[in-house]
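# Residue-level structure breakdown
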Amino acid sequence: MYATNYHRASSLAEAESMIGAADDGKLLAGGQTLIPTMKQRLAAPSDVVDLRHVPELKGISVNGRTVKIGAGTTHAEVAGSSAIKSACPALAGLASHIGDPHVRHMGTIGGSIANNDPAADYPSAMMALGATIHTNRREIAADDFFTGMFETALDDGEIITAVSFDAPDSAAYQKFPNPASRYAMAGVFVARNGGSVRVGVTGAGSDGVYRASDMEAALSGNFSAEALDGIGVDASGMLSDIHGSAEYRAHLVKVMAKRAVAAAA
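Note that the coordinates shown come from a computational prediction; the quantities given were computed from them, not determined experimentally. (Residues numbered from 1 in each chain as written. Predicted model: local features only at pLDDT ≥ 70, side-chain atom pairs only at ≥ 80, totals over all residues. Heavy atoms only, no water.)

Check the secondary structure of the chain and you find eleven helices and 14 strands. Against the globule reference of 18 Å for 265 residues, the chain gives a C-alpha radius of gyration of 18 Å, in line with a compact fold. For the C-alpha atoms alone, the extent of the chain along its principal axes is close to 55 × 45 × 30 Å. Restricting to contacts in the chain with at least 6 residues of sequence separation, those with at least 24 account for 58%. For the chain, the accessible surface area stands at approximately 11600 Å², while carbon and sulfur atoms represent 49% of it. Between the averaged position of the 21 positive side-chain charges in the chain and that of its 28 negative side-chain charges there is a distance of 7 Å. (Helix = DSSP H or I, 4+ residues; strand = E, 2+ residues; numbered from the N terminus. Rg over C-alpha atoms; globule rule 2.2 N^0.38 Å. Contact = heavy atoms within 4.5 Å. Areas by Shrake-Rupley, 256 points an atom, 1.4 Å probe, with all protein chains shown as cover. Lys, Arg positive; Asp, Glu negative; His and termini not counted. Charge placed at Lys NZ, Arg CZ, Asp CG, Glu CD.)

Okay, here's the thing in structure tokens:
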């Protein structure tokens, strides 16, 4: 690792000040991506600002149907929350299958969506749930937040503080995990509210997370796995690597989507 200056923020205001004063600073939420990247010398920030001890970024609240999760909340806390299990059990289930126990107890929901790894689980849930991303400066709809592989709408120095969404009538998440990393080779989150259905796909798209509009249209008229029988997934927009070809991932997207719909229904 290259030399870097470590800063431990105790408040959001302090974190803002620290990152604003850094020449080339990085925010540390859980460290599950940043630290390995620094160890491999693929990143060399002048300063690292640790957000793990900022109380404003922690906590889960459910008010009626409105769910709000602090950005510093760990995957394990989301998975184990009785409030989340009641309001949106699909999200608790998603969190329970991220990585391994160490990752789940260190990684955070804010860190995951800020990094926007193309195989991360949470982005698909944020898209399908129509979530709002709260920052220290504004609120951003999930549809506008994820802008491409490892890219988001965040500006320099902007810090995610929370995510919020309305609990769906029903939802489910299904993924085909890489057996080594547990990252999704294809993951599909389906959420239904009344006659409206949203489908978020992760792990497969060459440009990162996306909404499957053709599946949404089919499911809005008939919320059943069979409604997807006639839907094709274009392999030209899929990732292709040593773990699976574009055609394989296109097939997985449809299989995972049908499983998610069956689970939600």
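Attention now goes to the pairing of strand S4 (residues 60-63). Pairing between S4 and strand S5 (residues 66-70): four bridges, direction antiparallel. Considered in S5, the bridge of Val 62 is made with Val 67. (Pairing = 2+ DSSP bridges.)

Residue placement: Ile 19 occurs in helix H1 (residues 12-21). Each C-alpha atom of the pair Ile 19 and Thr 135 lies 14 Å from the other, and the pair is 116 residues apart in sequence. When sequence neighbours within four positions are dropped, the list of residues in contact with Ile 19 reads Gly 25, Lys 26, Leu 27, Val 49 and Gly 157.

Turning to the sheet that holds strand S2 (residues 25-28), a few remarks are in order. The strands that make up a sheet pair up through hydrogen bonds in the backbone, lying either parallel or antiparallel. Spatially, three strands are ordered S1-S3-S2 in an open sheet, and the strand pairing comes out parallel. Each end of this open sheet is capped by a strand with a single partner; those strands are strand S1 (5-8) and S2. On average, each strand axis in the sheet is inclined to that of its neighbour by 20 degrees, with strand direction left out of account. Judged from the four bridges that link them, S2 and strand S3 (residues 47-50) form a sheet pairing that is parallel. Bridge pairing in S3 links Leu 28 to Asp 50. (Axes fitted to C-alpha atoms, helices over the stretch in contact; angles between N-to-C directions.)

Okay, the side chain of Thr 73 next. By the secondary structure assignment, Thr 73 is in the loop between S5 and helix H3 (75-80). Classification of Thr 73 as buried rests on a relative accessible area of 2%. Reaching out from Thr 73, the side chain makes a polar contact with the backbone oxygen of Gly 70 at a distance of 2.8 Å. In contact with Thr 73, other than residues within four places in its own chain, are Leu 57, Lys 58, Gly 59, Ile 60, Val 78, Gly 107, Thr 108 and Ile 109. (Buried < 20%, exposed > 50% of the residue type's maximum accessible area, 1.4 Å probe, protein only. Polar contact = N/O pair within 3.5 Å; in protein donor to acceptor, adjacent residues only side chain to side chain.)

Along the chain, the position of Asp 229 falls in the loop between helix H10 (213-221) and helix H11 (246-264). Owing to a relative accessible area of 43%, Asp 229 belongs among the partly exposed residues under this scheme. Along the sequence, Asp 229 and Lys 254 sit 25 residues apart, while their C-alpha atoms lie 8.7 Å from each other. Not counting chain neighbours up to four residues away, the residues in contact with Asp 229 comprise Lys 254 and Lys 258. Of note is the side chain of Asp 229, whose polar atom sits 2.5 Å from the side chain of Lys 258.

Let's shift gears to H11. Compared with the 27 Å implied by 1.5 Å per residue over 19 residues, the 27 Å span of H11 between its first and last C-alpha is a close match. Within H11, burial applies to Ala 246, Arg 249, Ala 250, Leu 252, Val 253, Met 256, Ala 257, Ala 260, Val 261 and Ala 264. Viewed end-on, H11 has its buried residues packed into an arc of 165 degrees, placing them on one side of the element. For H11, the exposed residues set more than 90 degrees away from the buried face come down to Glu 247 and His 251. Buried residues belonging to H11 abut strand S11 (170-177), strand S12 (184-193), strand S13 (196-202), strand S14 (210-211) and H10. (Expected span 1.5 Å × (residues − 1). Arc of directions from axis to C-beta.)

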